[in-house]
There are 2 protein chains.
Amino acid sequence: MNLPIYRHLFNQLKDKILRGELKPGDMLQSENELAQQYSTSRLTVRKSLSMLDNEGFITSFPGKGYYIIEPDHSKYILLFNELNSGSKNNLYSKLLGVNATNPDAAICQKLQISCNHKVVVILRLLYSNEGPIAYDIKYIPYDRGRPIVEKAIEYAALPDMVAKKSSPFAIKKELCIYIDKSNPEINKSLCLHESEPLLVVEQSLYDYENKPIGLGKTYYGGEHGKIRAYSNMRE
Amino acid sequence: MNLPIYRHLFNQLKDKILRGELKPGDMLQSENELAQQYSTSRLTVRKSLSMLDNEGFITSFPGKGYYIIEPDHSKYILLFNELNSGSKNNLYSKLLGVNATNPDAAICQKLQISCNHKVVVILRLLYSNEGPIAYDIKYIPYDRGRPIVEKAIEYAALPDMVAKKSSPFAIKKELCIYIDKSNPEINKSLCLHESEPLLVVEQSLYDYENKPIGLGKTYYGGEHGKIRAYSNMRE
DNA sequence: AAGTGGTCTAGACCACATC
DNA sequence: ATGTGGTCTAGACCACTTC
């Protein structure tokens, strides 16, 4: 035990919120009142309150006070990495092919390039000990001096393929999850007998000026197509 | 302009990180050094650094210093509300039916209740000006004094239906996205001619003791089955 | 022993909201 | 005029790491 004062106050206030004693819209005591009650300084109280703010429980208005927030129930955290599927099973990756081609119009549009712009296409099969899991395809515009190392191609997730340049923080990502029919190529790789609807996770990567720098599609077969997300409430 | 000092320092450091001048693993200058350089106090420096910490750029180790973090490229933010589909189109809700029944074994298992436990089942159709979007079904265990108001049934999202008791913060959510075939009932509502694979968003709600308090499934027809998520990089 | 971050105090001045 | 939160100072002591 022997928590720091700010931790103690934080826990007490958070508890009141979680138990419903403090409801959305309610105003908290002022910083000075809390400082007196807990026999501490204003800074220590502010530390507790800023933590509650960071975790989405309260906001403050200059000259007015602190208020309990109306929680946003639509927000979820989604963890997605095509090479690390929820860490439930070991996932392996096998390179099926790499080539530089002119992709079709839909891909060109998504990458915001002209149709004669060369694109590196990387095909991979993702599988576990029990068999194939997903068919994975990446499109990376081929330009400037951006080398793609062989090892990266087989064992890297999309962000790590393209984020070599500049900073790994200067990257924006977008995910789109939808249904698409499999094609003969995918059927063969995933051991499907006929064309089936598959769950597709499409990953778009942009640099800091919003220029597309990579596009990935992962087609999950049968029972493997389950994407999960969680509320970000602290443990 | 005239930003506060801590804001100024925060921006400068964040810029260095985004431009790649500071890379993952690099150590920052010490609090005292930064305080001297910016002719300010240690507290002001600490404010900047704690903001960078909160936004996932750096960590600190007592006795050692501050270090740039290896960013987690698998983290996404997913916004889901069955009644507010990305705010692109106005979405309406029509109540198809409400009844209290004993649901099948799969539902009972997910709600962790016995098979003779009554469950309130709510069926809704979600549609826009252009036609039906999704078929929505909720399962809420019927027990204790938890009244469900009529208006809530037609116009509320699942978290708002069940979070009346205690605090709206004391709720854990889980989302699972997968493919399922439509049944005749769904076909009729969504104007489908035959059984089709649909994108399903399954929402599980738990109270603070991890007891299930609600289950929702939303079946999206055709082109409407697109779920998006974004990296949490600021603005 | 010296330097680092973690916690904390006792003040100060400001812009803002309320009355 | 008073109270509120927002910013900031100049100290202090502690536990920790490194040398």
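Coordinates for the structure precede this section.
Residues numbered from 1 in each chain as written. Chains lettered and ligands numbered in written order. Predicted model: local features only at pLDDT ≥ 70, side-chain atom pairs only at ≥ 80, totals over all residues. Heavy atoms only, no water.

Enquirer: Would you mind going over the interface of chain A and chain B with me for this structure?
Expert: Much of the literature gives interface size as the accessible area that the parts lose upon coming together. Contacts between the two partners involve 53 residues from chain A and, on the opposite side, 51 residues from chain B. A combined buried area of about 4800 Å² lies between chain A and chain B, and 63% of that area is made up of carbon and sulfur atoms. Linking chain A with chain B are 20 residue pairs in polar contact (both at pLDDT 80 or more). Breaking the side of chain A that touches chain B down by element, the ones donating at least two residues are α1 (5-19), α3 (42-54), β3 (75-79), α6 (158-162), β7 (172-181), β8 (197-206) and β10 (227-230) of chain A. Considering every element that reaches the side of chain A that touches chain B, the biggest residue donor is β7 of chain A, with eight residues. Tallied by class, residues from the side of chain A that touches chain B come to 31 nonpolar, eleven polar and eleven charged. As judged from the five bridges shared by β3 of chain A and strand β3 (residues 75-79) of chain B, these two strands associate in the antiparallel manner. Paired with Y76 of chain A across the two strands is L78 of chain B, which belongs to β3 of chain B. (Contact = heavy atoms within 4.5 Å. Buried area = accessible area lost by both parts, 1.4 Å probe. Polar contact = N/O pair within 3.5 Å; in protein donor to acceptor, adjacent residues only side chain to side chain. Helix = DSSP H or I, 4+ residues; strand = E, 2+ residues; numbered from the N terminus. Nonpolar A, V, L, I, M, F, W, Y, C, P; charged D, E, K, R; others polar. Pairing = 2+ DSSP bridges.)

Enquirer: Help me out: how do you make sense of the environment of N54 of chain B in this one?
Expert: All names here are of chain B. Note that N54 resides in helix α3 (residues 42-54). We classify N54 as partly exposed; its relative accessible area is 46%. Counting along the chain gives 19 residues from N54 to A35, while the straight-line C-alpha distance between them is 20 Å. (Buried < 20%, exposed > 50% of the residue type's maximum accessible area, 1.4 Å probe, protein only.)

Enquirer: Got a minute to help me understand the protein's contact with DNA strand D in this structure?
Expert: As a matter of local geometry, DNA strand D sits amid 24 residues, with R42 of chain A together with I5, Y6, T40 and S41 of chain B nearest to it. Among the atoms of DNA strand D lying within 4 Å of the protein, the sugar-phosphate backbone contributes 72%. Side-chain polar atom of R42 of chain A to a base nitrogen of DNA strand D: 2.7 Å apart, as the coordinates give it. At a separation of 3.3 Å, a base nitrogen of DNA strand D approaches a polar backbone atom of G63 of chain A. Every element with two or more residues in the surface near DNA strand D is listed here: α2 (31-37), α3, β1 (58-61) and β2 (65-68) of chain A together with α1 (5-19) and α3 of chain B. Considering every element that reaches the surface near DNA strand D, the biggest residue donor is α3 of chain B, with three residues. Counted by class, the surface near DNA strand D contains eight nonpolar, ten polar and six charged residues. (Near = heavy atom within 4 Å.)

Enquirer: Which parts of the structure should I look at to understand the protein's contact with DNA strand C?
Expert: Of all residues adjacent to DNA strand C, which total 24 residues, the nearest are I5, Y6, T40 and S41 of chain A together with R42 of chain B. Within 4 Å of the protein, the contacting atoms of DNA strand C are drawn from sugar and phosphate to the extent of 73%. Residue E31 of chain B places a main-chain N or O atom 2.8 Å away from a phosphate oxygen belonging to DNA strand C. Put simply, the parts of the chain that give the surface near DNA strand C at least two residues each are α1 and α3 of chain A together with α2 (31-37), α3, β1 (58-61) and β2 (65-68) of chain B. Broken down by element, the residue count for the surface near DNA strand C peaks at three residues, all from α3 of chain A. Classifying every residue of the surface near DNA strand C gives eight nonpolar, ten polar and six charged.

Enquirer: Where do I start with unusual backbone geometry in this structure?
Expert: One non-glycine residue, Q112 of chain A, lies in positive phi territory at about 55°. Mapped onto the fold, Q112 of chain A is located in the loop between α4 (105-111) and β5 (119-128). On the basis of relative accessible area, Q112 of chain A is assigned to the exposed category, the value being 57%. Non-glycine residue S39 of chain B carries a positive phi angle of around 45°. When its relative accessible area of 67% is taken as the criterion, S39 of chain B is described as exposed.

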